[in-house]
Amino acid sequence: MTAATRRDFLEGALALGILSRIGAAQSAPSSLQHDELWYSQPAERWLEALPVGNGFLGGMVFGGIQTERIALSESTAWSGAPATGEVNPGALAHLNEIRQLFFAGKYDQAQELCGKYLVGRMRNFGTNLPLPELQLAFDNVGDAKEYRRSLRLDEAIAHTRFRTGGNLFERQLFASHADKLLVIRLTSSKPGLVSFRTSFSKGVIPTAVKTVGTDTLILEGHAWEQMHSTGHDGVALQIGVKIITEGGQSTPSGDAIAVRGANAVTVLVAIGTSFRNADPDTICRKTLEAATAKDFIELRRAHLADYRPLYQRMSIDLGGSSPATRNQPTDARRKALEIGANDPELLSLFFQYGRYLTIAGSRVDSPLPLALQGIWNDGLASSMGWTDDFHLDINTEQNYWPAEVCNLAECQTPLFALIDLMRESGRTTAKEMYGAPGWVVHTVTNPWGYTAPGDVGWGIFVSAGIWISLQLWDHWMFNGNTEFLRTRAYPVLREAAEFFLSYMVPEPQHGWLVTGPSDSPENWYLTPSGHRASESMGNTCDRSFVYALYSMCIETSKTLAVDAEFCKQLEDARAKLPPFQIGRHGQLQEWLEDFEDADPNHRHTSHLVGLYPLHQISPRTTPQLAHAAEVTMQRRLNAPHWEQSEWGRANLVVYHARLLKGDDAHKYLVSLLAKSADTNLLTFSSGGVAGAEQNIFSLDGNTAAAAGIAEMLLQSQGGEIELLPALPIAWPDGSVRGLCARGGYLIDITWNSGKLRSATITSRLGGTAKLRYCDRVIAMRFERGEKKHVQPGSFAQTEEQD
């Protein structure tokens, strides 16, 4: 037997469950298996189940013993429909009146008119909806011993195994991007003992179930609900389940299929919807037909060949945890963090988990980008006032923060498509609501490109389109594709700049150009009369984004040698923007006036976007503003009953990384995992905050945490690549491979005793890079594809290095 043949045999044998693993099932993962979440008991709650996904189809795997549950979801399973008349018809006629009231200090009257004339009409906005569970109820299963379930991030495969009655049952489950479906493999160490009944649970949408032949189960339904839409608008959908037995037999039984006496079974699950006029039946039928032509080994091999090249671009080692800690199940390790345990390996796992979820939820051909809950759905966000949609005032941006720096650039592709859609529909909103050219979007959007405002207090955030479009700019900055800049990024940014040039007006006291009426997401201030108000003229968040927008367009104009006259307009307008201001408490002012916060404990700190993701505030270039940003954070955190949220904690990580305070960033990273992540390490929005009655899964904490860890180890804003800018004492030794820096650089770093040991920089584009370590900066010239190594001694030289 050749080496290749022997390898194929072993791979196939392990996949089929022919070979048993060495050691008891409940034992800890081997020292070689760090990228794994594992547990010694089945999941009982959604936030204990393990997520799999292929870019549009999601599954939450419970790993039950008598009954396996897979909570299904699909990114396009949306209620609602495209609509017209979403802009308030009174908006344009009353816009100037509202502005003049704000300028005259009549905030209460202006706020009242905002609520009357600016609020959008979201009657058929819709939401992503959860699908029914697929349930497998097993026979021949008694009390289980040596139980173990896991999610191996390097495979993107969920495993469950246990012994009962002398028999070893094993399951593997993965969502294949290569074959566009969910694959479940069921095996038994003894022949003829795989017996179960397959059915769907009752869900929240209207459905009907039927069988086709002896081996296929079909669910048909509609994504209808009445809270966020009419109750009769939404996509049609189908879930097709194909059961392939090895030995034994399958028989239809009402709205289920029963399998008896099989040696092994492969279950294939396809989901199709009518999104963009597709035919759900055709999607499911063709997907199942194509997958049925392959055996399980081929399906698994194709899945790994598709997934691993993305995941394995990076590795990370933040230091070793103790053997006693390492040998604990993941849930026990997370709980130990709450009482002060030191577990750097768990933080490394959390970083890779954020990357895993990005890959699982957003691929180059995904029909939609990551929503509030990614491609998964716990049924809670969709039944809340906020919906499971695309929030553009922090959440969707955080979903994609790790994409570039964590070497997953192509995962942003579906987001770019949604931005293009918003640009198109946002032209109508700009014209109807503001009488302006260009495009605008406010706080939330849906698959049909909703761009009108939401309600007062949260929904009239006028610079949301700039914030989300920063992802286009970052893609250009990290990858240096001039054609992308010319054809994709710049048209979006230029048209947004056209809007703000027309929309902004001078405030009377200084002549500064300001936005408004707009909210500073999603905070409120106290007016001089003591009343609460949310809208204002010239909030700091808007100012920061408009400054960034104009600067991006000016730089592009010079890079592409286009639009010289337009560039001059932008330079003149940028010079008239308000400066950052420091308020009476030493805080960075959130509004043009030094108002008191109506809610000092508020979760949002939108006025700190100049610190991150922008580079307008820095401890090196603007130390007073950096200190004011820090004061702002401390005032929020020290206020009674701070509204902690998963994304808010993640913000604290990136903010303190940018402030070069690694120990503080580490503290907030640990608190995010310990206090805002559940058993399965998915992050949640806490019950009691923003109207939530219980903890609700939100993906942004996971993805933003990965970005935060990357920011602690590498920063590349401001024209420099800085190594280990915010390395905490808690990570004295470690390494990272495959981080990306702006300018097209790939970075590997190793450190010991809290200091740089070596770094390898690979240039994809060529050019000169300014490389910083601590207070030393060197310039290095690269040819395209060239790799160079640096050590601490390299920074003793100050001249340019060849």
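The structure presented is a predicted model; accordingly, all values stated were derived computationally and were not measured. (Residues numbered from 1 in each chain as written. Predicted model: local features only at pLDDT ≥ 70, side-chain atom pairs only at ≥ 80, totals over all residues. Heavy atoms only, no water.)

**Topic: the sheet that holds strand 15 (residues 256–262)**
Part 1 of the argument: Across the sheet, which stays open at both edges, the seven strands sit in the order 2-3-4-5-10-15-14 with antiparallel pairing between neighbours. Taken across any chain shown, the strands that pair with only one partner, and hence form the sheet edges, are strand 2 (50–53) and strand 14 (249–253). Neighbour-to-neighbour, the strand axes of this sheet turn through a mean angle of 20°, independent of strand direction.
Part 2 of the argument: Here strand 5 (residues 133–138) runs beside strand 10 (residues 194–200); their pairing, made up of five bridges, is antiparallel. Bridging across to strand 10, L136 finds its partner in T198. (Pairing = 2+ DSSP bridges. Helix = DSSP H or I, 4+ residues; strand = E, 2+ residues; numbered from the N terminus. Axes fitted to C-alpha atoms, helices over the stretch in contact; angles between N-to-C directions.)

**As for helix 8 (residues 344–361)**
Part 1 of the argument: Its 18 residues place the ends of helix 8 26 Å apart at the C-alpha level, agreeing with the 26 Å of an ideal helix rising 1.5 Å per residue.
Part 2 of the argument: Across the 18 residues of helix 8, 18 count as buried, placing the element largely inside the fold. (Expected span 1.5 Å × (residues − 1). Buried < 20%, exposed > 50% of the residue type's maximum accessible area, 1.4 Å probe, protein only.)

**Observations concerning unusual backbone geometry**
Of all residues except glycine, most have a negative phi; of all peptide bonds, most are trans.
Part 1 of the argument: The peptide bond linking G516 to P517 adopts the cis configuration, its omega dihedral lying at 0°.
Part 2 of the argument: Inspection of the secondary structure assignment puts P517 in the loop between strand 21 (513–514) and strand 22 (518–519).
Part 3 of the argument: P521 connects to E522 through a cis peptide bond whose omega is -25°.
Part 4 of the argument: By the secondary structure assignment, E522 is in the loop between strand 22 and strand 23 (525–526).
Part 5 of the argument: The backbone of E146 sits at a positive phi, close to 55°, despite the residue not being glycine.
Part 6 of the argument: Mapped onto the elements, E146 comes out in strand 6 (residues 145–152).
Part 7 of the argument: Look at E146 and you get partly exposed, because its relative accessible area is 29%.

**Structural notes on the pattern of salt bridges**
Part 1 of the argument: By the definition in use, this model includes 43 salt bridges.
Part 2 of the argument: The salt bridge partner of D255 is R197, with a shortest N-O separation of 3.8 Å. In this pair, D255 sits in the loop between strand 14 and strand 15 while R197 sits in strand 10, placing the two residues 58 residues apart along the sequence.
Part 3 of the argument: Here K242 ties to D215 by a salt bridge, and the two come within 3.1 Å at their closest N and O atoms. (Salt bridge = Lys/Arg side-chain N within 4 Å of Asp/Glu carboxyl O.)

**Describing the environment of T84**
Part 1 of the argument: Along the chain, T84 falls in the loop between strand 4 (67–74) and helix 2 (91–103).
Part 2 of the argument: Accessibility expressed as a relative area gives 74% for T84, which makes it exposed.
Part 3 of the argument: Spatially, the C-alpha atoms of T84 and T428 are 9.9 Å apart, while their sequence positions differ by 344 residues.

**Describing the packing of aromatic side chains**
Two aromatic rings, taken as a pair, are described by how far apart their centres are and by the angle between their planes.
Part 1 of the argument: Tallying each qualifying case throughout the model produces 29 aromatic pairs.
Part 2 of the argument: Both rings, one in F138 and one in F196, keep their centres 5.5 Å apart while their planes meet at 50°; by these two values the pair is tilted. Of the two residues, F138 sits in strand 5 while F196 sits in strand 10, which places them 58 residues apart along the sequence. Just as F138 is buried, F196 falls in that class too.
Part 3 of the argument: Measuring from ring centre to ring centre gives 6.0 Å for F174 and F296, while their planes differ by 40°; the resulting arrangement is tilted. Taken together, the residues span a long stretch of sequence, with F174 in strand 8 (residues 167–176) and F296 in helix 5 (residues 296–311) at a distance of 122 residues. Across the pair, F296 and F174 agree in class, each one buried.
Part 4 of the argument: Every member of this aromatic cluster is reached through a ring pair, and the members are W78, F125, F390, W448 and Y450.
Part 5 of the argument: Across from the ring centre of F580, 4.3 Å away, lies the NZ or CZ of R543, which sits over that ring.
Part 6 of the argument: The lysine or arginine in question, K788, covers the ring of F782, its NZ or CZ lying 5.2 Å from the ring centre. (Phe/Tyr/Trp six-rings, centres within 6.5 Å; stacked < 30°, edge-to-face > 60°. Lys NZ or Arg CZ within 6 Å of the ring centre and 35° of its normal.)

**Things to note about the pairing of strand 6**
Part 1 of the argument: The buried count for strand 6 comes to six of eight residues, which makes it a mostly enclosed element.
Part 2 of the argument: As paired strands, strand 1 (residues 36–39) and strand 6 are joined by four bridges and run antiparallel to one another. Across the sheet, Y39 pairs through a bridge with R149, a residue of strand 6.
Part 3 of the argument: Relative to strand 7 (residues 157–164), strand 6 runs antiparallel, the two being bridged by six bridges. Paired with K145 across the two strands is R163, which belongs to strand 7.
Part 4 of the argument: Joining the antiparallel neighbours strand 6 and strand 7 is a turn of four residues, in which A156 adopts a positive phi near 55°.

**With respect to the environment of M433**
Part 1 of the argument: Here M433 is to be found in helix 11 (residues 413–434).
Part 2 of the argument: Considered as a pair, M433 and N88 are 345 residues apart in the sequence and their alpha carbons are 7.4 Å apart.
Part 3 of the argument: M433 has contacts with V87, A91, L92, L95, L118, H442 and P453, leaving out every residue within four places of it along the chain. (Contact = heavy atoms within 4.5 Å.)

**Considerations on the sheet that holds strand 16 (residues 264–273)**
The strands making up a sheet associate through hydrogen bonds between their backbones, and the pairing can be parallel or antiparallel.
Part 1 of the argument: Judged by pairing direction, the sheet is antiparallel, and its nine strands sit side by side in the order 1-6-7-8-9-16-13-12-11 without closing on themselves. Single-partner strands in this sheet number two, and they are strand 1 and strand 11 (207–212). In this sheet, adjacent strand axes meet at a mean angle of 15° when their direction is disregarded.
Part 2 of the argument: For strand 7 and strand 8, the ladder comprises seven bridges, and the chain directions are antiparallel. Along strand 8, the bridge assignment pairs R163 with L168.

**Structural notes on the packing of helix 8 against helix 18 (residues 662–675)**
Part 1 of the argument: One way to put it is that helix 8 packs onto helix 18 with a least axis distance of 11 Å and a crossing angle of 75°. Compared by their axis directions, helix 8 and helix 18 come out roughly perpendicular. Facing L346, L347 and F350 of helix 8, the residues of helix 18 in contact are H666, L669, V670, L672 and L673.
Part 2 of the argument: A class-by-class count of the residues in the contact of helix 8 with helix 18 yields seven nonpolar, one polar and no charged. (Parallel < 35°, antiparallel > 145°, perpendicular 65-115°, else oblique. Nonpolar A, V, L, I, M, F, W, Y, C, P; charged D, E, K, R; others polar.)

**Side note on the packing of helix 2 against helix 3 (residues 107–117)**
Part 1 of the argument: Contact pair helix 2 / helix 3: the axes reach a minimum separation of 8 Å and the direction vectors enclose 165°. Comparing their axes, helix 3 and helix 2 come out roughly antiparallel. Note that helix 2 runs across helix 3; the crossing there is left-handed. Contacts from A91, H94, E97, I98, L101 and F102 of helix 2 reach helix 3 at Y107, Q109, A110, Q111, L113, C114 and Y117. (Left-handed = near helix turned anticlockwise from the far one by under 90°.)

**Topic: the confidence of the model for the chain**
Part 1 of the argument: Per-residue pLDDT for the chain has a mean of 94; in total, 95% of the residues score no lower than 70.
Part 2 of the argument: Counted against residues more than four places away or in other chains, residues 1–32, with its pLDDT under 50, gives 43 contacts. (pLDDT = per-residue confidence, 0-100.)

**Describing the nonpolar core**
Part 1 of the argument: Grouped together as the largest cluster of nonpolar side chains are 235 residues, with contacts concentrated most on L72, Y353, Y356, F500, L713, L723 and W731.
Part 2 of the argument: With eleven residues, the top contributor of residues to this core is helix 13 (residues 482–503).
Part 3 of the argument: Other than its neighbours up to four places away in sequence, Y353 contacts L37, P51, L151, L153, N680, L681, L682 and N702.
Part 4 of the argument: Judged by nonpolar contacts, the second largest core, of twelve residues, contains I157, L181, C284 and L299. (Core = buried A, V, L, I, M, F, W, Y, C linked by side-chain atoms within 4.5 Å.)

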